[in-house]
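# Working through the structure, step by step
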Amino acid sequence: MTPSPRVRVHEGGSIPSATVAWFAASDEAGAASLAAGVWCARMCYASPPMRRSFVVVAWIAIAASYGAHVRVFDFITDDGYISLRYAENLARHGALEYNVGERVEGYTNFLWTVALAGLLRLGAPLELAARALGPLLGFGVLVVTWLLARRRDSGLAALLAPALLAALPAHACWSSGGLETPMFTLLGLLGAALLIGDRPVAAGLAFAAAAMTRPEGALLVALAALADIKATRRLRWRLYLAFALPFGAFFAWRFAYYGAPFPNTFYVKTAGGAAFARGAAYLRLFAVENRLWALLPLAIFFRPRDRRLWLHAAFTVPVFLVYVAAVGGDFMALGRFVVPMAPYLALAAVEAVRTLRPAPRAWTAAATLLALAAYSAVGIDRATLALVGARDGVDGIGYLKLFVDDRLKVGRWMRQNLPKGTLVSVGGAGALPFASKLPILDAFGLNDTHIARSVAPSSDRPGHQKVAPLAYLLEREVDLVCFPPYAALERHGYRRVCYPVEMDPRTVPGGRYCCWSKRPEAGLHQPRRGVR
């Protein structure tokens, strides 16, 4: 994705303001309903026959609130379309490749991509599959969080954890987005729950699946193993084998198929300076965007009762956050890299509420916390959807959505109008390439081994550290250079052309998508059809 413009606020257009308004109304009503439900529960939960019915009703309310919250975002990022392109090529051509015939591992979410390819083979539309699978997995995170919350107390307070997580904008947003975040969060949390519950084989398999979903899964299993050794004073060889055997087989296949020990993105994203400073700012922005400062008063009441759970959290959360800072964070709002740690935040809030005495004080705190969380979510969602630009170098969700919408238009136009073999150089390697079905040179190098491994970094923006040099574009004989827009291309026989695709001027200067064309004889400079 290309760098976004500076901060600008959306005042209409393609962001669904009616949707945001609807969610605002429903969420404020939901906050009142949840708060009232907590007080109702205080009266009826004492009756054993009513407990199960109340839990079922509470879960229906949580599921409805979560679904409404996810629906506010309901998008696929440009990076998500990179995975969709790989999945489509795997399903249709049997090649887990960006450009068929070029073995480059430009993704870091193998299991997510393969799952989407499987759904496509079964007949599901690929974009719909991504939009549906993410929220389902995100709901699974709510369920596992609830199971962890009720390990030491199966009372009503355990329901507070999934309710808070459902209201967290970061979790709702990145349960959408078309990326692997909810799958990775679920598998990592499930592995922790299974290991804490003394099921090492199942835990090892869950962690192996997490590591095949994102590389950080290997870090999670290492930290979980250390916490387990501290808690049990013994080595769990079954855990290590259950992880090592499937992940080792996957690693061996990957090395044989792509010829490299690490994904191609590793060589791009580990380049550049000032990563830790940028990553620390990313963590701070996550806390500010999600208004986590509101939970600070609860810290004085936090009294951990589940030693195994909080020993695991003490080993995992701080190290994982340091890792996120060390790699420089991300360029997309609401902190998707931090989302896998969000369940522990909800669990900590539950532990704090449980310590309040007498009981009416705990009920009041739970009701107030839910109401504040739901009310805050409305303001946070509105702000990030309205941000068509960047804040502290991190793109708002509004900008990410508009960027994708516009690039899909351009990609569809190219598919209709350009020769099938046209080689196009782009910056955003997701939506436009997915829609165009054309051969693509990824100018940021995520899907190009030469750029990733041979070009020096020129930026510290995550995923955008390297850019294709002019000499490489000429060597590859690129037909259409849409990014980077080197003016020197004109001296090498290229001609600047702009296409009749209506775009938002906040994502493209002047609202016109322009490229440098090498092949005017093929009709590239003579657009035949417009796209709206």
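A word on the state of the cysteines. Per the counting criterion, the structure on display carries two disulfides. Shown here is the disulfide that connects Cys 482 with Cys 515, its sulfur atoms set 2.1 Å apart. The sign of the S-S torsion, about 95 degrees, decides the handedness of the disulfide formed by Cys 482 and Cys 515: right-handed. Here Cys 515 lies in strand E7 (residues 513-517) and Cys 482 lies in the loop between strand E5 (480-481) and strand E6 (495-499), a separation of 33 residues in the sequence. With respect to burial, Cys 482 and Cys 515 carry one shared label: buried.

Another aspect to go through is the sheet that holds strand E4 (residues 440-442). Read across the sheet, five strands follow the order E4-E3-E5-E7-E6 without closing on themselves; strand pairing throughout is mixed. Each edge of the open sheet carries a strand with a single partner, namely E4 and E6. Here helix H17 (residues 397-417) sits on the sheet and contacts strand E3 (424-426), E5, E6 and E7; the angle it forms with E7, its principal contact strand, is near 45 degrees.

In this fold, His 171 is placed in helix H7 (residues 169-175). With a relative accessible area of 3%, His 171 lands in the buried category. Within the structure, the side chain of His 171 is placed 3.2 Å from the backbone oxygen of Gly 138, a separation counted as a polar contact. Here His 171 is in contact with Tyr 66, Gly 138, Val 141, Leu 142, Leu 165 and Val 339, once residues within four sequence places are set aside.

Within the largest apolar cluster, 140 residues are counted, with the highest numbers of intra-cluster contacts made by Trp 174, Ile 397, Met 414 and Tyr 513. The biggest single contributor to this core is helix H5 (residues 126-149), with 11 residues. Setting aside residues no more than four positions away along its own chain, Met 414 makes contact with Val 424, Leu 432, Ser 436, Leu 438, Leu 480, Cys 482, Tyr 513 and Cys 515. The next biggest cluster of nonpolar side chains, apart from the first, holds 15 residues, and it includes Ile 451, Ala 468, Leu 473 and Tyr 494.

On to the packing of helix H9 (residues 200-213) against helix H10 (residues 217-232), then. Describing two packed helices takes the angle between their axes plus the distance from one axis to the other. H10 packs onto H9 with a crossing angle of 150 degrees between their chain directions and a minimal axis gap of 7 Å. In this view, H9 runs roughly antiparallel relative to H10, as classed from their interaxial angle. Across the interface between the two elements, Phe 207, Ala 210 and Ala 211 from H9 touch Gly 217, Ala 218, Leu 220, Val 221 and Ala 224 from H10.

It is worth spelling out the confidence of the model for the protein chain at this point. For any part of a model where pLDDT is low, the fine detail of the predicted coordinates should not be relied upon. For the protein chain, the average pLDDT comes to 87, and 87% of its residues sit at 70 or higher. In this model residues 3-33 is a low-confidence stretch, pLDDT under 50, and it forms 58 contacts with partners more than four residues away in sequence or in other chains.

Turning our eyes to something else, we now look at the packing of aromatic side chains. Evaluated as defined, the whole model comprises 26 aromatic pairs. Geometrically, the ring pair formed by Phe 247 and Phe 251 is tilted, given 6.4 Å between the ring centres and 45 degrees between the ring planes. Placement of both Phe 247 and Phe 251 in helix H11 (residues 237-258) is noted, with a separation of four residues, approximately one turn of the helix. A relative accessible area of 17% places Phe 247 in the buried class. These aromatic residues form a ring-pair network of at least three members: Tyr 86, Tyr 98, Tyr 107, Phe 110, Phe 243, Phe 247, Phe 250, Phe 251, Trp 253, Tyr 257 and Tyr 258. The aromatic ring of Tyr 98 is capped on one face by Arg 85, whose charged end is 4.4 Å from the ring centroid. A cation over a ring is seen here: Arg 453 above Tyr 267, with NZ or CZ 4.6 Å from the ring centre.

Turning our eyes to something else, we now look at a nonpolar patch on the surface. Among the surface-exposed residues, Leu 226, Ile 229, Leu 235 and Trp 237 lie close enough to one another that they form a single nonpolar patch of about 410 Å² accessible area. Position of Leu 226 relative to the elements: it lies in helix H10. Residue classification places Leu 226 among the partly exposed residues on the basis of a relative accessible area of 46%.

Reading the values: rules and limits
Residues numbered from 1 in each chain as written. Predicted model: local features only at pLDDT ≥ 70, side-chain atom pairs only at ≥ 80, totals over all residues. Heavy atoms only, no water. Disulfide = S-S within 2.5 Å. Helix = DSSP H or I, 4+ residues; strand = E, 2+ residues; numbered from the N terminus. Buried < 20%, exposed > 50% of the residue type's maximum accessible area, 1.4 Å probe, protein only. Pairing = 2+ DSSP bridges. Contact = heavy atoms within 4.5 Å. Axes fitted to C-alpha atoms, helices over the stretch in contact; angles between N-to-C directions. Polar contact = N/O pair within 3.5 Å; in protein donor to acceptor, adjacent residues only side chain to side chain. Core = buried A, V, L, I, M, F, W, Y, C linked by side-chain atoms within 4.5 Å. Parallel < 35°, antiparallel > 145°, perpendicular 65-115°, else oblique. pLDDT = per-residue confidence, 0-100. Phe/Tyr/Trp six-rings, centres within 6.5 Å; stacked < 30°, edge-to-face > 60°. Lys NZ or Arg CZ within 6 Å of the ring centre and 35° of its normal. Patch = residues over 30% accessible without salt bridge, like charges linked within 9 Å, V, L, I, M, F, W, Y side chains within 5 Å. Areas by Shrake-Rupley, 256 points an atom, 1.4 Å probe, with all protein chains shown as cover. Salt bridge = Lys/Arg side-chain N within 4 Å of Asp/Glu carboxyl O.

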